[in-house]
Amino acid sequence: MEQKLPLPPFTLETAIKKVQLAEDAWNSQDPERVSLAYTIDTEWRNRSEFVNGRKEVVKFLTGKWQKELSYKLKKELWAFMDNRIAVRFEYEYHNKEGQWFRAYGNENWEFDENGLMRKRYASINDLAIKEEDRRL
């Protein structure tokens, strides 16, 4: 059986570790690597898109990082309990025209007993910024 440490139920220390592992994986911009943190039948809501299963996660992330160039993400633990974690995040990227953006959002995560994320609900807002206003 696949496991992704740390496993629930989460403590403050293991929840922070889980968030950092997610940040590191997403910053790799490797859709296959990122997808391995999710259950085979994972369910996502990302803005107005619904993604179901690892194959769709890979497809979604491949398209995302083809459009969101020079992507850099920072996640922060907001709350946790048992097998759930809430995070706030921001990331920056530019499009192919060179316009920079900062995206702000919140995610709610639910994990199975093996530490794989089975549900991810993300609310995200993008703000156009000047390159010199980048923080990440």
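Above this note sits the structure.
Here goes a summary of the coordinates provided. The structure presented is a predicted model; accordingly, all values stated were derived computationally and were not measured.

With that settled, the discussion passes to the pattern of salt bridges. On inspection of all chains with the given rule, the structure shows twelve salt bridges. Its salt-bridge partner being arginine 84, residue glutamate 110 comes within 2.8 Å of it at the nearest N-O pair. Residue glutamate 110 is found in strand 5 (residues 100–111), and its partner arginine 84 is found in strand 4 (residues 84–94); the two are separated by 26 residues along the sequence. Here the residues in one salt-bridge network are Lys75, Glu107 and Arg120, joined through shared partners.

As a further point, take helix 1 (residues 12–28). With 17 residues, helix 1 should reach 24 Å at 1.5 Å per residue; the first-to-last C-alpha distance of 25 Å fits that figure. What helix 1 keeps buried is the set Ala15, Lys18, Val19, Ala22, Glu23, Ala25, Trp26 and Asn27. Of the residues flanking the end of helix 1, it is glutamine 29, one or two places downstream, whose phi is positive at about 55°.

Turning our eyes to something else, we now look at the layout of surface pockets. Here the largest pocket is characterised by a volume of approximately 260 Å³. For the largest pocket, the lining is made up of 16 residues, of which Lys4, Leu21, Ala22, Ala25 and Ala37 are closest to its centre. At six residues, helix 1 tops the list of elements feeding residues into the lining of the largest pocket. A class-by-class count of the residues in the lining of the largest pocket yields eleven nonpolar, one polar and four charged. Considered as a void within the structure, the second largest pocket measures approximately 210 Å³ in volume. For the second largest pocket, the full set of lining residues is Asn46, Arg47, Glu49, Phe60, Gly63, Lys64, Lys67, Glu68, Tyr93 and Asn95. Of the residues in the lining of the second largest pocket, the class split is two nonpolar, three polar and five charged.

Of note, the amide linkage connecting leucine 5 to proline 6 takes the cis form, showing an omega dihedral of -5°. Structurally, the position occupied by proline 6 is in the segment before helix 1. The amide bond that connects proline 8 to the next residue, proline 9, takes the cis arrangement and shows omega of 0°. Of note, proline 9 is situated in the segment before helix 1. Backbone geometry places arginine 47, a non-glycine residue, at a positive phi of 55°. Relative to the assigned elements, arginine 47 resides in the loop between strand 1 (38–46) and strand 2 (49–52). One non-glycine residue, aspartate 82, lies in the positive phi region at around 55°.

Scoring rules and cut-offs
Residues numbered from 1 in each chain as written. Predicted model: local features only at pLDDT ≥ 70, side-chain atom pairs only at ≥ 80, totals over all residues. Heavy atoms only, no water. Salt bridge = Lys/Arg side-chain N within 4 Å of Asp/Glu carboxyl O. Helix = DSSP H or I, 4+ residues; strand = E, 2+ residues; numbered from the N terminus. Expected span 1.5 Å × (residues − 1). Buried < 20%, exposed > 50% of the residue type's maximum accessible area, 1.4 Å probe, protein only. 1 Å grid on protein atoms, 1.4 Å probe; cavity = no way out; pocket = protein on both sides within 12 Å on 5 of 7 lines; lining within 4 Å. Points joined across faces, edges and corners; volume = space filled by probe spheres on them. Nonpolar A, V, L, I, M, F, W, Y, C, P; charged D, E, K, R; others polar.

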